[in-house]
Amino acid sequence: MTQLNSKSIKTILQEALTKDGDFLKEMVKSIIQQLMEEERDQQVGVLSHKRDNTKRKANRNGYKPRSFNTRVGRLLLAKPQIREFAFQTQLFENYQRSEKALLASICQMIQDGVSTNRVKKIVGKLSPDLIYSKSTVSRIIQELDPQIKKWQEAQLQDYYKYLFTDAVYFHARVNHQVISCPMLITAGVDKNGHRKILGTDIAFEESYQSYKNHLKNSKKEA
């Protein structure tokens, strides 16, 4: 039986966390798509559902396919177009510059749920010059929250030959103090060698009981 040291396990977990394309890819895609819509609204001058022409600067002109390579895979996006001038966005450049931090924020959303503050943090990294409204944050939350709940509640459909469980540490605020907490993560490797995150849980320590509870909470076969 092949022995894996802790470094190998941590590497596999980190790769699985960033390569779970079926899930993380959709979340990243949703955020970028929503923010591009907001950018176009501001450049056009009015919201898409408004008919007020007193503030209109231009007219919407559909979408153009745009592919974007990220560490969670290639995203197929619908880039907004404007009839009178070229649509401008810095999302792609900002995403590549902050990708690691953004993915960490999204991964924490998986555990903690979607919060207004976390969405604002992501928006701030992707669009520091974008003057976004409460409705923008609300739309992103409405888009992401069902995706996370669906992933958390989904049952396993595949057979996994190997399971790897380990912890990644994050700083968390508890009772007005910042402490280091482990996020317990279990990754599975199927018969084709594909990795997938099967469960995550925040614990106060790494112990027999915390790992036992984590494995109980992880997804079970249908």
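Everything discussed here concerns the structure shown above.
Bear in mind the structure is a predicted one, so any value in this text is a computation, not a measurement.

Basis of the calculations
- Residues numbered from 1 in each chain as written.
- Predicted model: local features only at pLDDT ≥ 70, side-chain atom pairs only at ≥ 80, totals over all residues.
- Heavy atoms only, no water.
- Salt bridge = Lys/Arg side-chain N within 4 Å of Asp/Glu carboxyl O.
- Helix = DSSP H or I, 4+ residues; strand = E, 2+ residues; numbered from the N terminus.
- 1 Å grid on protein atoms, 1.4 Å probe; cavity = no way out; pocket = protein on both sides within 12 Å on 5 of 7 lines; lining within 4 Å.
- Points joined across faces, edges and corners; volume = space filled by probe spheres on them.
- Nonpolar A, V, L, I, M, F, W, Y, C, P; charged D, E, K, R; others polar.
- Pairing = 2+ DSSP bridges.
- Axes fitted to C-alpha atoms, helices over the stretch in contact; angles between N-to-C directions.
- Contact = heavy atoms within 4.5 Å.
- Core = buried A, V, L, I, M, F, W, Y, C linked by side-chain atoms within 4.5 Å.
- Buried < 20%, exposed > 50% of the residue type's maximum accessible area, 1.4 Å probe, protein only.
- Phe/Tyr/Trp six-rings, centres within 6.5 Å; stacked < 30°, edge-to-face > 60°.
- Lys NZ or Arg CZ within 6 Å of the ring centre and 35° of its normal.

*Asks:* Lay out the pattern of salt bridges with the relevant residues and their values.
*Replies:* Counted under the stated rule, the structure contains four salt bridges. Its salt-bridge partner being glutamate 37, residue arginine 40 comes within 3.7 Å of it at the nearest N-O pair. In this pair, arginine 40 and glutamate 37 both sit in helix H2 (residues 21-44), three residues apart, roughly one turn of the helix. A salt bridge links aspartate 41 to arginine 60, with the shortest nitrogen-to-oxygen separation between them at 2.7 Å. Here aspartate 41, found in helix H2, pairs with arginine 60, found in strand E1 (residues 60-70); they are 19 residues apart in sequence, far enough to count as distant.

*Asks:* Please set out empty space enclosed by the protein residue by residue, giving values where relevant.
*Replies:* Considering all chains together, one arrives at two cavities of 30 Å³ or more under this definition. When its volume is computed, the second largest cavity comes out at roughly 40 Å³. Those elements that place two or more of their residues in the lining of the second largest cavity are H2, helix H3 (91-112) and helix H4 (116-126). Partitioning the lining of the second largest cavity into residue classes produces eight nonpolar, no polar and no charged.

*Asks:* How would you explain the sheet that holds strand E4 (residues 177-190) if you had to name every residue and give the values?
*Replies:* Strand order in the open sheet formed by three strands is E3-E4-E5, and the pairing between neighbours is antiparallel. Each edge of the open sheet carries a strand with a single partner, namely strand E3 (160-174) and strand E5 (195-202). Here the average twist between neighbouring strands, direction ignored, is 20°. Across 14 bridges, the pairing between E3 and E4 is antiparallel. Its bridge partner being in E4, alanine 172 is matched across the sheet by isoleucine 179.

*Asks:* Hey, could you go over the pairing of E5 for me, with residue numbers and the actual values?
*Replies:* Taken together, the seven bridges between E4 and E5 define a ladder with antiparallel strand orientation. Opposite methionine 183, over in E5, you have isoleucine 202 as the bridge partner.

*Asks:* How would you summarise the side chain of glutamine 33 if you had to cite specific residues and measurements?
*Replies:* Looking at where glutamine 33 falls in the secondary structure, it is placed in helix H2. The contacts of glutamine 33, once residues within four sequence positions are left out, are Tyr63, Leu77 and Ala78.

*Asks:* I'd love a proper account of the nonpolar core, names of residues and values included.
*Replies:* Generally speaking, a soluble globular protein has its nonpolar side chains buried in company with each other. If you look at the biggest cluster of nonpolar residues, it comprises 42 residues, and the most contacted ones within it are Val28, Ile31, Ile32, Leu35, Tyr95, Met109 and Leu126. Broken down by secondary-structure element, the contributors of at least two residues to this core are H2, strand E2 (73-82), H3, H4, helix H5 (134-153) and E4. If we ignore the near neighbours within four places in the chain, the residues touching methionine 109 are Met27, Val114, Arg118, Val119, Ile122, Leu144 and Ile148.

*Asks:* Go over the packing of aromatic side chains with me, naming the residues and quoting the values.
*Replies:* Going through the model one piece at a time under the given rule, you end up with two aromatic pairs. With centroids separated by 5.6 Å and ring planes inclined at 75°, the aromatic side chains of phenylalanine 68 and tyrosine 95 adopt a geometry described as edge-to-face. Here phenylalanine 68 is found in strand E1, whereas its partner tyrosine 95 is found in helix H3, with 27 residues between them in sequence. Ring-pair connections join several aromatic residues into one group, and the members of that group are Phe68, Phe92 and Tyr95. A cation over a ring is seen here: arginine 40 above tyrosine 63, with NZ or CZ 4.6 Å from the ring centre. When the ring centre of phenylalanine 92 is taken as origin, the NZ or CZ atom of arginine 66, which lies over that ring, is 4.0 Å away.

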